[in-house]
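Summary of the model geometry
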Amino acid sequence: MRMKWVWLGVLLMFSVLPGVQAQSGQPDEIRLASEVWEDYTETDGTGLAWDIMRRVFEPAGVRLDIHSVPYTRSVGLVQRGEADAWVGSYRDELKDGVFYPQYPYDRDQIVALSLKDKPLPTLDNLGEHRLVWVRGYRYEEYLPNVRDYREVQRRAGILGMLDLGHADFYIDARPEVDQVLSEAAKSRRYRVTDLTQLPLYLGFADTPRGRALADIYDRRMAALVANGELRSIFAHWHWPYPFD
């Protein structure tokens, strides 16, 4: 009889566990918004960033709900509370309605694309040239001495702007520049110059739910970087490991 009551107690304990977890306040899902980047945030859920996010959140009991939208819209979804975080933000890119975690998950190699006859760009002389980048990336906040710049809605016309002399340098992350160059009829006319690296973050909604998810993210990222568990993901996608 005593053993029967022990087993009954065990069964009752397991039966209430889901309720206890539900009352703990931890979200069981994170709504992530991102622009579609090749081999990084594909619409089918494949890519480096999605693999990182699964490794971060799923062992903590949080499943991913992925939304593939243009970058500016992904930011707007978070600001309106329709998504919990967006992928690919630079630190303090926005101030209102956004909360940034302590740890980045990757780094962007920022480069300048130009015709080969243009002067070699550096961080010191960027202010002497006419720059262009995609709207929403706010490189003026992260690159020094920037004065003359223009924002465009899409990358489709970048090469034409450079060819016609409407801009001296196109600024973007290396994968996006490589994608632009892949569509060039004469890619040898152009030069790509490394400028700097910028850490990449999730930009969380500044709400109790967003902050709870950011806390999970920071705790998990600290553990994953310490034990080197993310190395295999970066190696699988042939991507530079950013935490050495």
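Residues numbered from 1 in each chain as written. Predicted model: local features only at pLDDT ≥ 70, side-chain atom pairs only at ≥ 80, totals over all residues. Heavy atoms only, no water.

Comments concerning the overall build of the protein chain
Helices and strands together make up the secondary structure of the protein chain, namely seven helices and nine strands. With respect to the three principal axes, the spread of C-alpha positions in the protein chain is 90 × 35 × 30 Å. Looking at the 244 residues of the protein chain, the share that counts as buried comes to 43%. Taking the intrachain contacts of the protein chain between residues at least 6 apart in sequence as the baseline, contacts between residues at least 24 apart amount to 70%. Working note: accessible area of the protein chain is about 13,100 Å², and carbon and sulfur atoms make up 51% of it. (Helix = DSSP H or I, 4+ residues; strand = E, 2+ residues; numbered from the N terminus. Buried < 20%, exposed > 50% of the residue type's maximum accessible area, 1.4 Å probe, protein only. Contact = heavy atoms within 4.5 Å. Areas by Shrake-Rupley, 256 points an atom, 1.4 Å probe, with all protein chains shown as cover.)

Description of the confidence of the model for the protein chain
Counting all residues, the mean pLDDT for the protein chain is 89, and 90% of those residues have values of 70 or more. Overall, residues 1-23 carries pLDDT values under 50, and its contacts beyond four positions in sequence, including any with other chains, amount to zero contacts. (pLDDT = per-residue confidence, 0-100.)

Concerning the packing of helix 2 (residues 48-57) against helix 6 (residues 208-227)
Relative orientation of the contacting elements helix 2 and helix 6 amounts to 100 degrees, with a least axis distance of 9 Å. The orientation of helix 2 relative to helix 6 falls into the category roughly perpendicular. Where helix 2 abuts helix 6, its residues Arg55, Val56 and Phe57 lie against Leu213, Ile216, Tyr217, Arg220, Met221 and Leu224. Its residues placed into classes, the contact of helix 2 with helix 6 shows seven nonpolar, no polar and two charged. (Axes fitted to C-alpha atoms, helices over the stretch in contact; angles between N-to-C directions. Parallel < 35°, antiparallel > 145°, perpendicular 65-115°, else oblique. Nonpolar A, V, L, I, M, F, W, Y, C, P; charged D, E, K, R; others polar.)

Considering unusual backbone geometry
Even without a glycine there, the phi angle at Asp92 is positive, about 60 degrees. Position of Asp92 relative to the elements: it lies in the loop between strand 3 (85-89) and strand 4 (98-99). For Asp92, a relative accessible area of 38% corresponds to the partly exposed category. Even without being glycine, Asn145 reaches a positive phi, approximately 65 degrees. With respect to the element layout, Asn145 can be found in the loop between strand 6 (131-134) and strand 7 (149-152).

Here's the deal with the layout of surface pockets
By volume, the largest pocket amounts to about 830 Å³. Residue lining of the largest pocket: 34 residues in total, with Ala173, Arg174, Pro175, Glu176 and Trp239 positioned closest to the centre. At the level of elements, strand 5 (106-115), strand 8 (169-173), helix 5 (174-182) and strand 9 (190-205) are the ones that each hand at least two residues to the lining of the largest pocket. The greatest single-element share of the lining of the largest pocket, amounting to six residues, is contributed by helix 5. For the lining of the largest pocket, the class distribution of residues is 17 nonpolar, five polar and twelve charged. (1 Å grid on protein atoms, 1.4 Å probe; cavity = no way out; pocket = protein on both sides within 12 Å on 5 of 7 lines; lining within 4 Å. Points joined across faces, edges and corners; volume = space filled by probe spheres on them.)

Digging into the side chain of Asp172
Counting through the fold element by element, Asp172 comes out in strand 8. In terms of polar contacts, Asp172 uses its side chain to reach the side chain of Arg155, at 2.8 Å. If sequence neighbours within four positions are ignored, Asp172 has contacts with Gln109, Ile110, Val111, Val134, Tyr137, Tyr139, Arg155 and Val177. (Polar contact = N/O pair within 3.5 Å; in protein donor to acceptor, adjacent residues only side chain to side chain.)

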